[in-house]
Amino acid sequence: MMAQEFVLKQRTEILAAVCSSGSSEQLERLLDVLLAHGELSWEEYQSIQVQGRPLHANARHLLDIVYTKGLAICQLFVAALQQTIPEGPGARLCVSEGVSQVEKSREAHQTSGAALLSQRPSLVGKLQGCVDGALEVLHETGHFTSEDCNEVRLPIHTPSQQARRLLDLVSSKGELAANVVLQFIDQKQQSGRSSLTPPKEFFKYQKKLCSSVLAQSSFLSTYGGTSHMPLDDIYTEGQLELAADLEVQGNLGLGDIVSTAGIINEEADTVLVSGDAGSGKSTLLQRLHLLWARGTALSEFLLLFPFSCRKLNSELKELSVQDLLFRHCCWPDWEQEDIFRFILDHPHVVIFTFDGLDELKQSFSDEHRLCCPTQPAPVHVLLFNLLQGSLMKGVRKVVTSRSEAVGPILKKYLRKEVFLKGFSPNGIDCFVKKQHHDPAVAAKVLASIQANTFLLGLCHSPVLCWIVSQCHKELLGCGDGTPQTITDVYLMILQRFLQHQSSLKTSKGSDLDSCCVTEKDICTGFLIQSKDMSNDYSHQYEFLHLTVQCFFAALYIVLFNNADRSTITKLFALHDLRETGFSSTCFTSCLAADQRQTPGSADGQKSATLGEMSLQRHAEALQVHPTASGSKMAKEVLGKLDVDHLKLTYCNIGPVECTALAYVLQHLRNSVGIQLDNNSVGDVGVEQLLPCLHICNSLYLRNNNITDEGIRKLIAKGLQCDSFQKIALFNNKLTDACTEHFSHLLRTKQNFLSLRLGNNNITSEGAKQLAKGLEFNHSLRFLGLWGNKVGDAGAEAIAGALEGSKTLTWLSLVGNGVGSAGARALAKMIKSDTSLEELWLTENCITRHGVEFLLEALEHNTHVKSVWLRNNNLSVEEVEEMTQRESRLIF
Ligand code: ADP
């Protein structure tokens, strides 16, 4: 396809690719290239880049100009598109001429003004991080007024936008101003290359920070804080995988987290380390901290500032970046301002780490922009701006999170993503040997783990490997049997906690008072004292691990809210709790109270109180803890069981919460609609929801990171559930591979009503598969495919399958690249007298020719109420004329 034809025909796709992020960055980068080549005049640029006009409108105007100016600019445009959005619609188009032009013209310039234009893309990059300095110089030399400076510094601008606004203003000020700014950038580049000259007190500060990081990272604390093992003695390499290059596996080391391998976005600073709960993300970060503090890793970074997102939650005051670094990590005893200035001037020698982004109360968003490092803001706003690079551009940030809690917005700002996959088989071996110094015990533990494939499977997760190996050690020690299920394992660890009296010191004034958790409760070992970099006498507590915490939450729900408690008692009967002291008595009485509670009986009353002390207080503490959403949500759900629609949108629901939800809901008698839009359910969460699918009539899972694999499992179960009739999966990660399953569903399930698959990646092939099911379906009323890529061939297949349908009333093929051939097939379907009432064809490329077919078909059909045709390839005159002829056509 020729470049010019491409710009016309792929208009919808190009617009979607340029505007989908909601940020004007892509559009501005394209404009940079077109300006640099002189293909776009300054006036044209200004007519496109209208501040305050919607991004889509600006992008459309650019496409209009590019198309009308002819082949050369179209070629350059496509080349620029390929450079800025490599995965975008132009990816496969061959326009090598355009690409080489992009390179060539960078060198050709004479005057400073011309250089400013021809080097614009690289100048934007170079200026980021030193806009303030450039403004200072321009102001001092009289080229910029204070108003000019303020306009550039507007906080709504990202760093790259600030750089562009600065260049725009300089262009309007003439040759001298252009010269000043070019010289400034040159000097900056040169001084960047020369050696660093830190302030006098810098090395003292660095030493203080190092020893603080060393102290915090040398020991891995587990088990109620009683066992502080040197990290060196227990650390076992986990398996790392690069998201960008799944081929390179296995041999990645810790250094690869900041190396150049697997970079997906050179301009971004943030590296994400993701993995399941318990896969060892915090431990890996701790290892990196330790190695940095010893000078054996990350030595290119002079300063490392470690943060825990869990702890940042308790920071309620507004802070500036300076406060965040100095107060939360390490206070410089002298020259605070000079040290901070050095950090600002040399971002590339600084690294921040943020452990557990998924534990932050707020979900990542890029709505609130902040650029000034001395301006105070709520801590989550600081954090989000740091990760996006609006704040402290150039400082490397490493952040850990459970994979399913990472949404598409954060992904846009990632330099690279590394998956932590837990232990390899060798890793399990190595870890167990490190845990048990007596080789005979280690060999026994390993043999018994290896004899049980289920337990061996669990041990790939480091936290479970630790729990399993700990339980085995005890059982082998006292000659008892081995645990068989994960519940056995958790019950054993619970038992151990209950028997265990820790010697932790607590003191007044901690969060615990507000949750009525006493010193005795702490001694049971459910909570451990958390480490706090800024305060040696930290009074903050956290649960041992998310997985243990979720178990407590689930146990609480079962014990205190579920009618059938006998099962749980039976589980505990497996282990002899009677022999132990205070804590087990408390726990046994809790179970006993459940069985013999008589209202008014003093005895029963007392036992019940003791029982609730054992678990309910911990469950309450779980609720004040940000990651205890499982417990909290399940309890909320329990209070609303009589509703017929359960709306839990934007609730941070991940797989763990899905487990709790399914557990509660499966006991419902009436079917309900479950609306879980905009969460992080993912494929794992979908699987967790399956036990409650039989009581679910409508399932809304819009924007939840679900792939074809999740759908496969969902449909397999859905086929067996009579009441399951509607599903909405807008904006997930579905491809043609899932359509085979939907096709099967449509063919087999003759009471299915609504299928909405908008904004996924379904092409004509997928549409053809769906059509195979639609042909045999006699129940579907709504079919939504908005924002896919079914094209003419897909529309033809679907229309063909729906000919004569007696049930479908609503069909959407908005934004699917449907042209006149598709319109013709849809017209034929309409003519076959279906039940269709609304047909949505907005944002396609249907021409007058296609609309004529629809007009003709409507003459024979009275059911259809509206056909939406906005934003197709029609002129104003054509639209006017056709509206006159048929009022049901809506333009
Ligand atoms: P995550 O942050 O992924 O939830 P953690 O790093 O907190 O997981 O790991 C949970 C527990 O698993 C740790 O307390 C430790 O006992 C064990 N563990 C995790 N990773 C390792 C490792 N690389 N070497 C040894 N033990 C580990």
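Before reading further, recall that the structure is shown in the block above.
A brief report on the enclosed structure follows.

Reading guide: rules and limits
Residues numbered from 1 in each chain as written. Predicted model: local features only at pLDDT ≥ 70, side-chain atom pairs only at ≥ 80, totals over all residues. Heavy atoms only, no water. Helix = DSSP H or I, 4+ residues; strand = E, 2+ residues; numbered from the N terminus. Buried < 20%, exposed > 50% of the residue type's maximum accessible area, 1.4 Å probe, protein only. Contact = heavy atoms within 4.5 Å. Axes fitted to C-alpha atoms, helices over the stretch in contact; angles between N-to-C directions. Parallel < 35°, antiparallel > 145°, perpendicular 65-115°, else oblique. Left-handed = near helix turned anticlockwise from the far one by under 90°. Nonpolar A, V, L, I, M, F, W, Y, C, P; charged D, E, K, R; others polar. Pairing = 2+ DSSP bridges. Arc of directions from axis to C-beta. Near = heavy atom within 4 Å. Polar contact = N/O pair within 3.5 Å; in protein donor to acceptor, adjacent residues only side chain to side chain. Areas by Shrake-Rupley, 256 points an atom, 1.4 Å probe, with all protein chains shown as cover. Core = buried A, V, L, I, M, F, W, Y, C linked by side-chain atoms within 4.5 Å.

### Observations concerning the overall build of the protein
Alright, step 1. Across its full length, the protein holds 42 helices and 20 strands.
Alright, step 2. Burial statistics for the protein: of 891 residues in total, 53% are counted as buried.
Alright, step 3. Counting only contacts in the protein whose residues sit at least 6 apart along the sequence, the fraction spanning at least 24 positions is 75%.

### Details of the packing of helix 3 (residues 25-36) against helix 6 (residues 71-84)
Alright, step 1. Following both chains from N to C, one finds helix 3 and helix 6 inclined at 135°, their axes separated by 9 Å at the closest point. Comparing their axes, helix 6 and helix 3 come out oblique. Both helix 3 and helix 6 take part in a crossing whose hand is right-handed. Contacts between helix 3 and helix 6 involve Q26, R29, L30, V33 and L34 from the first element and I73, L76, F77, A80, L81 and T84 from the second.
Alright, step 2. Here the residues of the contact of helix 3 with helix 6 sort into 8 nonpolar, 2 polar and 1 charged.

### Topic: the sheet that holds strand 4 (residues 270-275)
Alright, step 1. With mixed pairing, the 6 strands of this open sheet are ordered in space as 3-8-4-7-6-5. What marks the edges here is a single partner per strand, and that holds for strand 3 (240-242) and strand 5 (303-308). Sheet twist, expressed as the mean angle between neighbouring strand axes with direction ignored, is 20°.
Alright, step 2. Across 5 bridges, strand 4 lies against strand 8 (residues 414-420) in parallel orientation.

### Overview of helix 35 (residues 682-689)
Alright, step 1. Buried residues of helix 35: G682, D683, G685, V686 and L689, and no others. Considered in projection along helix 35, the buried side chains sweep an arc of 160° and stay on one side of the axis.

### Points about the sheet that holds strand 18 (residues 838-840)
Pairing between the strands of a sheet is mediated by backbone hydrogen bonds and can be parallel or antiparallel.
Alright, step 1. Spatial ordering of the open sheet is given by 11-12-13-14-15-16-17-18-19-20, a layout of 10 strands whose pairing is parallel. Two strands close off the open sheet at either side, each with one partner strand: strand 11 (645-647) and strand 20 (889-890).
Alright, step 2. As paired strands, strand 12 (residues 672-675) and strand 13 (residues 696-700) are joined by 4 bridges and run parallel to one another. Paired with V672 across the two strands is C696, which belongs to strand 13.

### Side note on the site of the ligand
Alright, step 1. Lining the immediate environment of the ligand, one finds 19 residues, of which T236, G278, K281, S282 and T283 sit closest.
Alright, step 2. T236 places a main-chain nitrogen or oxygen 2.7 Å from a nitrogen atom of the ligand.
Alright, step 3. Here an oxygen atom of the ligand and a side-chain polar atom of K281 are 2.8 Å apart.
Alright, step 4. When isolated, the ligand has an accessible area of 550 Å², and the protein chains bury 89% of it.

### Side note on the side chain of T739
Alright, step 1. Structurally, T739 is set in helix 37 (residues 739-748).
Alright, step 2. Residue T739 is classed as buried on the basis of its relative accessible area, which comes to 0%.
Alright, step 3. A distance of 2.5 Å separates the side chain of T739 from the backbone oxygen of D736, its partner in a polar contact.
Alright, step 4. With residues up to four places along the chain from it excluded, the contact list for T739 reads I762, G766, Q769 and L770.

### What about the pairing of strand 5?
Alright, step 1. Most of strand 5 sits inside the fold, with 5 of its 6 residues counted as buried.
Alright, step 2. Sheet topology note: the strand 5/strand 6 (residues 350-355) ladder contains 6 bridges and is parallel. Within the sheet, the bridge partner assigned to S308 lies in strand 6 and is D355.

### Focus on unusual backbone geometry
Alright, step 1. Non-glycine residue N703 carries a positive phi angle of around 55°.
Alright, step 2. Counting through the fold element by element, N703 comes out in the loop between strand 13 and helix 36 (708-718).
Alright, step 3. Although it is not a glycine, N705 sits at a positive phi angle of roughly 60°.
Alright, step 4. On the secondary structure map, N705 appears in the loop between strand 13 and helix 36.

### Concerning the environment of V672
Alright, step 1. Checked against the element boundaries, V672 lands in strand 12.
Alright, step 2. Remark: the alpha-carbon pair of V672 and F724, spanning 52 residues in sequence, is separated by 9.5 Å.

### Re the packing of helix 3 against helix 5 (residues 55-69)
Alright, step 1. Following both chains from N to C, one finds helix 3 and helix 5 inclined at 30°, their axes separated by 11 Å at the closest point. Taken together, the axis directions place helix 3 and helix 5 in an arrangement best described as roughly parallel. Relative to helix 5, helix 3 is oriented so that their crossing is left-handed. For the pair helix 3 and helix 5, the contacting residues are L27, L31 and L34 in the first and L55, N58, A59, L62 and V66 in the second.
Alright, step 2. Grouping the amino acids of the contact of helix 3 with helix 5 by side-chain chemistry returns 7 nonpolar, 1 polar and no charged.

### A look at the nonpolar core
Alright, step 1. Residues F305, F352 and F354 are the most contacted members of the largest nonpolar core, which totals 90 residues.
Alright, step 2. Apart from residues no more than four positions distant in its own chain, F354 is found in contact with L285, F307, C309, L312, L383, L386, L387, K397, V398, V399 and T400.
Alright, step 3. Counting residues in hydrophobic clusters, the runner-up holds 76 residues, among them L689, L699, L746 and V790.

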